[in-house]
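The lines below spell out each chain.
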Amino acid sequence: MRIIVAGGDGFCGWPTALYLSKQGHDVTIVDNLVRREYDEELHSNSVTPIASLEDRVAKWKEVSGNEIKTYIGDLNHYDFLREVFRQVEPEAFVHFAEQRSAPYSMIDREHAVYTQTNNVMGNLNVLYAIKEFAPECHLIKLGTMGEYGTPNIDIEEGYIEVEHKGRKDTLPYPKQPGSFYHLSKVHDSHNIMFACKIWGIRATDLNQGIVYGLHTDETKLDPLLVNRVDYDGVFGTALNRFINQAAIGHDITVYGSGGQTRAFLNIEDTVRCVEIAAENPADKGEFRVFNQFTEWFSVQDLAERVQKIAKEEGFETEVKKIENPRIENEDHYYNAVNTKLRDLGLEPHLLTDDVIRDILRTAVENKDRIIQENVLPSITWK
Ligand code: NAD
Ligand code: USQ
């Protein structure tokens, strides 16, 4: 299948591009490399030293024999996107290419506007490009579990059956996102649903939980193929961040009470979920939603697990509750459905002690790269 992986230079996109290429798909990466620019803006970095995209794909060709084509450009430049669609004629478009940090979107007005412009307009351009140049192409869009927020009822997969004043309907599940970033994903979902309805586009919204880990079988084949890992207070996400904190003997930073519960999955499952979606395309006009996670944990429980494994590995670290820089529920009900990907064949890689140990060892190997000043959170919601 001819597959475009937009955002293929990023944390989820790079291993997905390699995995799909290994499975025999004809993969093209589209990326404007802006994630590397955010690192410069924030004076931050990936824990692992990542090669340029050019060197990455050249090494992949050498080790696998497979070519991954690259187009460096912005989804918001429609002339560029049009040309990519004309040349590639994609059968599936995997869309990772958005600004994905909640704290980054909350820095100030400019970052909020940038996040929503980049994400919502970029996605709208992709919808138009599919309509105009590849109407059969299946859009596989990365959404987020955070679109739902933390309601006091079970979270369904995209839709909920409602009975109101004696009548019934199946409606989009209510959205209560917790940042301007998460809101951008909700806006995307609405635009995609509408485009499916009016133009007959086929789309799958993958409402992904927090991704942890970094290695996949493919990224391990050569040091030049290594994936990026974020640890800082802006782009670092809960579990990976805690493990990197432990590697340098920093306190593990639990925000507030730590009762916040979130859905998680291993990067090895991210790549497989995208493959499952590609192999089982949505019908024409269908807007399908899959909840893409395998387990959920409270932040406090994760912190304690990391502390325990770190101790076994000889690293003493404290779990420290610090003032929550975000405005969010810290003590809430959480029960989310995730059966659709499982029904289509996902076999989860669950969070074992060995998985934590493996990520920790990679963090320790690279710990001299961690910039201490970037570890504590610096952005507040207030
Ligand atoms: P990332 O920042 O590492 O990668 C995103 C990539 O997209 C980067 O390489 C960036 O340069 C590129 N990009 C951004 N805007 C672009 C644009 N306008 N045009 C072209 N390229 C652009 O992020 P990630 O962690 O790999 O996340 C990928 C997707 O998955 C995002 O949409 C994110 O919202 C979603 N997601 C991520 C997680 C997670 O835990 N990392 C969880 C749930 C959902
Ligand atoms: N948290 C801490 N301590 C930290 C960092 C985070 O307690 O040091 C808490 C946060 O307060 C929050 C939870 O951990 O309650 C998750 O925060 P996060 O930064 O790991 O994740 P989040 O901001 O939700 O965003 C990440 C990705 C985003 C993706 C989302 C999936 O950056 O792209 O959409 O996870 S989800 O959470 O399901 O919406």
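In this text the structure is predicted, and so the values were computed from the model without any measurement.

## What about the sheet that holds strand β2 (residues 26–31)?
Strand order in the open sheet made by the seven strands is β3-β2-β1-β4-β5-β8-β12, with parallel pairing throughout. Edge positions in the sheet fall to β3 (69–72) and β12 (287–292), since each of these pairs with one other strand and no more. Going from strand to strand, the sheet's axes swing by 20° on average, the running direction of each strand aside. Looking at chain direction, β2 and β3 are connected through four bridges and run parallel. Across the sheet, the residue bridging to Val30 is Tyr71, located in β3. The strands touched by helix α6 (residues 109–133) are β4 (92–95) and β5 (138–144); relative to β5, the strand with the most contacts, the crossing angle is about 165°.

## Brief notes about the pattern of salt bridges
One pass over the structure, following the stated rule, counts 30 salt bridges. Note that Asp222 and Lys59 form a salt bridge whose closest N and O atoms lie 3.7 Å from each other. One end of the pair, Asp222, is in the loop between β9 (210–212) and α8 (238–247); the other, Lys59, is in helix α3 (residues 53–64), and 163 residues separate them in sequence. Accessibility classification places Asp222 together with Lys59 in one group, the buried group.

## Quick look at the packing of aromatic side chains
Enumeration according to the criterion identifies eleven aromatic pairs in this entry. Judged by centre distance (6.1 Å) and plane angle (80°), the rings of Tyr38 and Tyr114 are edge-to-face. Taken together, the positions of Tyr38 in helix α2 (residues 34–42) and Tyr114 in helix α6 put the pair 76 residues apart, joining distant regions of the chain. With a relative accessible area of 28%, Tyr114 lands in the partly exposed category. Centre to centre, the rings of Tyr128 and Trp199 are 4.7 Å apart; their planes meet at 65°, and the pair counts as edge-to-face. Taken together, the residues span a long stretch of sequence, with Tyr128 in helix α6 and Trp199 in helix α7 (residues 180–199) at a distance of 71 residues. Among the residues examined, Trp199 registers a relative accessible area of 27% and is labelled partly exposed. Every member of this aromatic cluster is reached through a ring pair, and the members are Tyr38, Tyr104, Tyr114 and Phe235. The ring centre of Phe235 lies 3.7 Å from the NZ or CZ of Arg35, which sits over that ring. In this arrangement the basic side chain of Lys131 is found over the ring face of Trp199, its NZ or CZ atom lying 5.2 Å from the centre.

## Let's talk about the site of ligand 2
If you check the shell around ligand 2, you find 23 residues, and the closest are Thr144, Tyr181, Ala238, Thr253 and Glu328. Contacts to ligand 2 include Glu328, whose side-chain N or O atom sits 2.6 Å from an oxygen atom. The protein chains hide 95% of the 730 Å² of surface that ligand 2 would expose on its own. Secondary structure elements with two or more residues in the shell around ligand 2: α7, α8 and β10 (252–255). Looking at side-chain class alone, the shell around ligand 2 contains nine nonpolar, nine polar and five charged residues.

## Describing the sheet that holds strand β11 (residues 261–266)
As summarised here, the arrangement of the three strands in space is β9-β11-β13, forming an open sheet in which the pairing is mixed. Two strands in the sheet have a free side with no partner beyond their single neighbour: β9 and β13 (295–298). If you compare each strand with its neighbour and ignore which way they point, the axes differ by 45° on average. Relative to β11, β9 runs parallel, the two being bridged by three bridges.

## Some thoughts on the site of ligand 1
Contacts to ligand 1 come from 27 residues, most closely from Cys12, Asp31, Asn118, Tyr181 and Lys185. In the environment of ligand 1, a nitrogen atom lies 2.9 Å from a nitrogen or oxygen atom belonging to the side chain of Asp74. Side-chain polar atom of Asn118 to a nitrogen atom of ligand 1: 2.7 Å apart, as the coordinates give it. For ligand 1, the protein covers 98% of the area, taking 820 Å² as the surface of the free molecule.

Procedures and definitions
- Residues numbered from 1 in each chain as written.
- Chains lettered and ligands numbered in written order.
- Predicted model: local features only at pLDDT ≥ 70, side-chain atom pairs only at ≥ 80, totals over all residues.
- Heavy atoms only, no water.
- Pairing = 2+ DSSP bridges.
- Helix = DSSP H or I, 4+ residues; strand = E, 2+ residues; numbered from the N terminus.
- Axes fitted to C-alpha atoms, helices over the stretch in contact; angles between N-to-C directions.
- Contact = heavy atoms within 4.5 Å.
- Salt bridge = Lys/Arg side-chain N within 4 Å of Asp/Glu carboxyl O.
- Buried < 20%, exposed > 50% of the residue type's maximum accessible area, 1.4 Å probe, protein only.
- Phe/Tyr/Trp six-rings, centres within 6.5 Å; stacked < 30°, edge-to-face > 60°.
- Lys NZ or Arg CZ within 6 Å of the ring centre and 35° of its normal.
- Near = heavy atom within 4 Å.
- Polar contact = N/O pair within 3.5 Å; in protein donor to acceptor, adjacent residues only side chain to side chain.
- Areas by Shrake-Rupley, 256 points an atom, 1.4 Å probe, with all protein chains shown as cover.
- Nonpolar A, V, L, I, M, F, W, Y, C, P; charged D, E, K, R; others polar.

Structural measurements only, silent on function.
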